[in-house]
Amino acid sequence: MSSHNSLRMDAACSEPTTSVVSTSSVPQKTSSDKAINENKVDSPKRTPKKSKKKQRSEVTVPTMVFNNSSINDVSNKCQNLQIESDSDNGETEQVTPTTPSKGKNAKKKERLKKLEIPTVPVNNFNNTNRVQNSQYLFNYFGSPRNSTFSVHEYFTQQITPLYASTSSRYLENLCHHPQYQYMQNIQHMRDILQSPEHVASVPITPLILSGQRSEPVCIPNSTFIHSEPSTPRFIENALQHPLLNPSFSRQTGTIQIGQLRLRHNSENNCLTKTLVNGDKKFDAYLSGEDVEKGLKNNMLIEGVLRINPKQYQHSYVSSQDRSQQDILIEGIKNRNRAMEGDVVIVQLVENEPEENVTNPEQKRGKVVFIKEKVHTRTCIGSLKLMHDKNRQKAMFVPRDHRVPRINIPFTSWPDNFYEDAKKYENTLFVAKIIDWSDTRFAVGKIMGNIGKSGDMVTETKAILAENDLDVTAFGSEYKDLYPQLDFTIPDEEIAKREDCRMLCIFSIDPFNCRDIDDAVSCKELENGNYEIGVHISDVTYFLNENTPLDVKVAEKATTIYLVETAYHMLPDDLCMLCSLFPGVDKLAFSVFWEMTKDAKVISYRFARTVINSCCQLAYEHAQDVLDDKEDAQIKFPEMYNGFDYKDVHKSIKILGKLSNILRTNRFENGALRIDQPKASFKLNPTSGLPESYCIYESKESHQLIEEFMLLANMSVATRIYSDHPKLAFLRSHPPPSKYMLMQLEKSLKPMGIKLDIESAGHLHRSLLPYVGPDNTDKGRAMVLNLLCAKPMTRAKYFCAAACDDDEFQHYALNVPLYTHFTSPIRRYADIMVHRLLAASLNYRETPAWQEDDVRMIAAQCNKQKYNAKKAGEMSTELYTLKYIELNSPIVTEGAVVDIREKYIDVIIVSMGLNRRIFFNNDFPGEYKCIRHEELAKLARMELKWKPVNELPETKQVIGVFSIIQVEMHKGDDMVKIETKLVRPQ
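Since the model is a prediction, treat every value here as computed from it, not as a measurement. (Residues numbered from 1 in each chain as written. Predicted model: local features only at pLDDT ≥ 70, side-chain atom pairs only at ≥ 80, totals over all residues. Heavy atoms only, no water.)

Quick notes on the overall build of the protein chain
A tally of regular secondary structure across the protein chain gives 25 helices and 40 strands. The buried share of the protein chain, taken over its 985 residues, is 49%. Long-range contacts, defined here as pairs at least 24 residues apart, represent 67% of the contacts in the protein chain between residues at least 6 apart. Of the roughly 49400 Å² that the protein chain leaves accessible, carbon and sulfur atoms contribute 48%. (Helix = DSSP H or I, 4+ residues; strand = E, 2+ residues; numbered from the N terminus. Buried < 20%, exposed > 50% of the residue type's maximum accessible area, 1.4 Å probe, protein only. Contact = heavy atoms within 4.5 Å. Areas by Shrake-Rupley, 256 points an atom, 1.4 Å probe, with all protein chains shown as cover.)

The following block contains the structure:
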């Protein structure tokens, strides 16, 4: 409905009033020249439609006419309309009818040549009101004026900003509104259409009210004012206009337009304006000075942000007191643009009295500063058109729900995206966030097209891109920075090293392993003790410090292991050169221990050595020897360097015996181990698709290597910290959340599982009856390991100068000092440790490192190691889902991990795969979650299956640790597997 029609309706429906701000009456038809000359307008008679209502008295007052050449010269299609107010003296003038002008069109031209809204008389307001209204006029109309405001100006300044963030079609249509055909500055509309706020907004969503205030604002003398105590009928009618489309309440007199709520106040006859559900803009960050002061005063908390991947509205930062619950950051607004892994500064907030807080003891907070943006702000997802087919922007939907939806401007769209959007429905893109000012969406751009969703190559690329892992091959520019494959060790270098080529040295690794970092040896001494050697590839001999190659390797920081391939940290040729292949002289860094037969360490030493491995064993070969299998020798690989099967067999037996003692002693001294299931696949050599799988099992051969590698790492950590107390590159494991462990202990006790959480050692010993080798319930063991792993924290690399001594402890190993030394081919952290150890042994000068540089390298190693681990897990899950798709449907056992109102979480016992089963309207029966008031793990799901065919009604009760039958099959999505509960037989 147009403005003049709505105003005429208001005047016709209103009754006379004695309120301070009176209702404007519509003048009768008159000559425009006469109206202008007399500075007043006559009221027209309303033509009754078969009605004999008594005509009310009509009044008019003088007004100040808004004269503008652009309005005086308007098209003859306009009508002349004025809205009047009481005169200064409160008197009214009786309007005398005038003779209508000739011609119907001429009347309309004359009537609408002037379009104005009178100002409120000064004597109707006291000084306070005058100041308030002057401020109001300044804020909403640019500056206070003494003249009247035209209706088109009212539209421009008040109505248009409310809709500037919505669909562009609305604004395009609004351009054709009669008021805008006669605006003083039509460019204002074009500016709105081309403004960044308009381009960046999402249509069909609540409005962005930039610059709006949350306090009520009175709109004096506006067209919405009405004297009746009820809501003006014209507002009800006007707001039915399809362009406005608000939510209107007749009972409360409330109008809802997006976030804006307008309410008619009958007492002062005005509209109050408030924002609903709070502002959608983020709060400004604190200054660096305020952050530093707050941290010193313990008013602010620093921590790493963790976002719940299944409930992105909830994120957490660990409390400084680990016995307390983590700080909950609820909602996107309180997260304040921080993303997963960012180092943030958090301020605690009080729970609002009206909030329905389920856990009043839960500390809540909000992010007030981002100290370090660890997340790259890139994500993987799909690109879709808006619901209104917007040509300015499209919606990017990330796969990771922890990342906000992103508006992508048309300048970043792929070719022919608008015309052929269906073509891109299954296409995966990489997008990057470039701005995030609205809590509902960010603004970004498309960085690249990965490929079709569901294709294994594309999905692998997506995994690497999502985890910010660079797998670009080393270019030719690096080839001159390391020796080539025909390299032979110079004699002068051999002379500087301990020659161990006559020792029986061999490696034990996974089958077909390419990067052989380590080898072991065992020699019986004359005194009856053993000299055990761990020999690690000397990568630092080939990788010179501070070269472009060294910088590139430091950026990669780790080798990435996926199901189908590995992306090496070093160039492939350098990996081959450093790997300890059998029958070839190799450079190594060795640790030697003198041990008694009961595995007591008498002494140890370090040396740079030259070795020649006699064979490359797989874990299966060593396990056959330890198991005394008759065909062990037949399966043995080729031997080199003059040694035979008996020599290696004897060494494996001694090492196996010693490693068992070391392992037993380690756990008796307080170490903890929590095994997580991992699937291993056999791939089709042609298609690369999974043919079969099995769950990785840690056997004695694995533990043999593990124990001696742990011992080497601990020995080296002690040495480098002693020699380099400031620069030592170490690894710690912070204690777990004591609060979560206490909650878990309370929850499991009623189920007959008693955990001792006093220390890592106590926890390990209390778990053994349920997860140890003698346990036969694999499902319960998997669930228990998963529940105990959740409170644990990530281990991390650090520079010794950056932490206090009490932060060096490794919780799981229960040792005061630990580092990584044994895998320099695949970890840059080990290369740092090798350089420090070389300086300790006077093979080189002490590194001239700055403490801050070491911290930065440690942070990069932490980030890359975590991302590579996550990518490996995602790759395993991808191939697991692909196997299910190829063999769908699969019916198997699942162990229940958690129970909620409408779903249960299970772990597939045969695959180690976590799945969620939802209960919704499709469930063939009734379901009810019975919650426990205090302990969540005691919840249970009661099901009642409806009778089907010959099957009777069946009742089923599911709790944590319950073993259930589940069916998995391919879903509609190309990479989605549907999981549902199977009816019990």
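Here the narrative resumes.
Notes on unusual backbone geometry
Of note, the amide linkage connecting Ser-888 to Pro-889 takes the cis form, showing an omega dihedral of -5°. Here Pro-889 lies in the loop between helix H25 (851-886) and strand E33 (890-899). Residues other than glycine seldom take positive phi values, yet Asn-546 does so here, at roughly 65°. Structurally, the position occupied by Asn-546 is in the loop between strand E23 (530-537) and helix H16 (548-556). Positive phi outside glycine occurs at Asn-641, with the angle close to 65°.

Some thoughts on the pairing of strand E13 (residues 343-349)
Bridging between strand E9 (residues 300-304) and E13 involves 5 bridges; their strand directions are antiparallel. Along E13, the bridge assignment pairs Ile-301 with Val-346. Sheet topology note: the E13/strand E14 (residues 364-372) ladder contains 7 bridges and is antiparallel. Note on E14: the bridge partner recorded for Ile-345 is Phe-369. (Pairing = 2+ DSSP bridges.)

Some words on the nonpolar core
Membership of the largest hydrophobic core comes to 87 residues, with the highest contact counts inside it found for Phe-506 and Phe-729. Ignoring anything within four residues of it in the chain, the contact list for Phe-506 reads Ala-519, Val-520, Ser-613, Cys-614, Cys-615, Leu-617, Val-648, Ser-651, Ile-652 and Leu-655. Judged by nonpolar contacts, the second largest core, of 37 residues, contains Leu-562, Leu-878, Ile-917 and Met-941. (Core = buried A, V, L, I, M, F, W, Y, C linked by side-chain atoms within 4.5 Å.)

What to know about the sheet that holds strand E16 (residues 393-398)
Ordered by their spatial adjacency, 5 strands build a closed barrel running E15-E16-E17-E19-E18, and the pairing between neighbours is mixed. Strand-to-strand twist across the sheet, computed as the mean angle between neighbouring axes with direction ignored, equals 50°. Alignment of strand E18 (residues 427-438) against strand E19 (residues 441-452), held across 9 bridges, turns out to be antiparallel. Within the sheet, the bridge partner assigned to Leu-428 lies in E19 and is Gly-451. Docked against the sheet, helix H14 (residues 456-466) engages strand E15 (378-384), E18 and E19, running at close to 145° with respect to E19. (Axes fitted to C-alpha atoms, helices over the stretch in contact; angles between N-to-C directions.)

Observations regarding the sheet that holds strand E21 (residues 505-509)
Pairing is mixed across the open sheet formed by 7 strands, whose spatial order is E20-E27-E26-E23-E22-E21-E28. Taken across any chain shown, the strands that pair with only one partner, and hence form the sheet edges, are strand E20 (498-499) and strand E28 (615-618). Sheet analysis places strand E26 (residues 585-595) next to strand E27 (residues 601-612), joined by 11 bridges and oriented antiparallel. Bridged to Ala-588 within E27 is Thr-609.

A short note on the confidence of the model for the protein chain
Predicted confidence across the protein chain gives a mean pLDDT of 79, with 70% of residues reaching 70 or more. Of the regions scoring below 50 in pLDDT, residues 242-252 engages in 23 contacts with residues more than four places distant in sequence or in other chains. (pLDDT = per-residue confidence, 0-100.)

Quick word on the packing of helix H18 (residues 619-626) against helix H20 (residues 700-723)
Look at H18 against H20: their axes get within 8 Å of each other, and the N-to-C directions meet at 105°. With respect to H20, the element H18 is oriented roughly perpendicular. From H18, Tyr-619, Ala-622, Gln-623 and Leu-626 reach across to H20, where they touch Glu-700, Ser-701, His-702 and Ile-705. Partitioning the contact of H18 with H20 into residue classes produces 4 nonpolar, 3 polar and 1 charged. (Parallel < 35°, antiparallel > 145°, perpendicular 65-115°, else oblique. Nonpolar A, V, L, I, M, F, W, Y, C, P; charged D, E, K, R; others polar.)

As for the packing of helix H19 (residues 645-668) against H20
Between two packed helices, what matters for the description is the angle formed by their axes and the separation of those axes. In the contact formed by H19 and H20, the axes pass within 9 Å of each other and the chain directions differ by 70°. Relative to H20, the element H19 lies roughly perpendicular. In this structure, H19 meets H20 at a crossing whose hand is left-handed. Listed contacts from H20 to Ile-652, Leu-655, Gly-656, Leu-658, Ser-659, Asn-660, Leu-662, Arg-663 and Arg-666 of H19 are Glu-700, Gln-703, Leu-704, Glu-706, Glu-707, Phe-708, Leu-710 and Leu-711. Partitioned by chemical class, the residues of the contact of H19 with H20 number 8 nonpolar, 4 polar and 5 charged. (Left-handed = near helix turned anticlockwise from the far one by under 90°.)

Concerning the environment of Thr-411
Here Thr-411 shows up in the loop between strand E17 (406-409) and E18. Residue classification places Thr-411 among the exposed residues on the basis of a relative accessible area of 64%. Sequence spacing of Thr-411 and Ile-446 is 35 residues, and the spatial spacing of their C-alpha atoms is 9.5 Å.

As for the packing of aromatic side chains
Counting across every chain of the model gives 25 aromatic pairs. Residues Phe-681 and Tyr-693 carry aromatic rings whose centres are separated by 6.4 Å and whose planes lie at 45° to one another, so their mutual orientation is tilted. Here the residue Phe-681 occupies a position in strand E29 (residues 679-683), and Tyr-693 occupies one in strand E30 (residues 690-695), the gap between them amounting to 12 residues. According to the relative accessible area criterion, Tyr-693 is partly exposed, its value standing at 26%. Taken together, the aromatic side chains of Trp-413, Phe-417, Tyr-418, Tyr-424 and Phe-429 make up a single cluster linked through ring pairs. When the ring centre of Tyr-797 is taken as origin, the NZ or CZ atom of Arg-731, which lies over that ring, is 4.5 Å away. (Phe/Tyr/Trp six-rings, centres within 6.5 Å; stacked < 30°, edge-to-face > 60°. Lys NZ or Arg CZ within 6 Å of the ring centre and 35° of its normal.)

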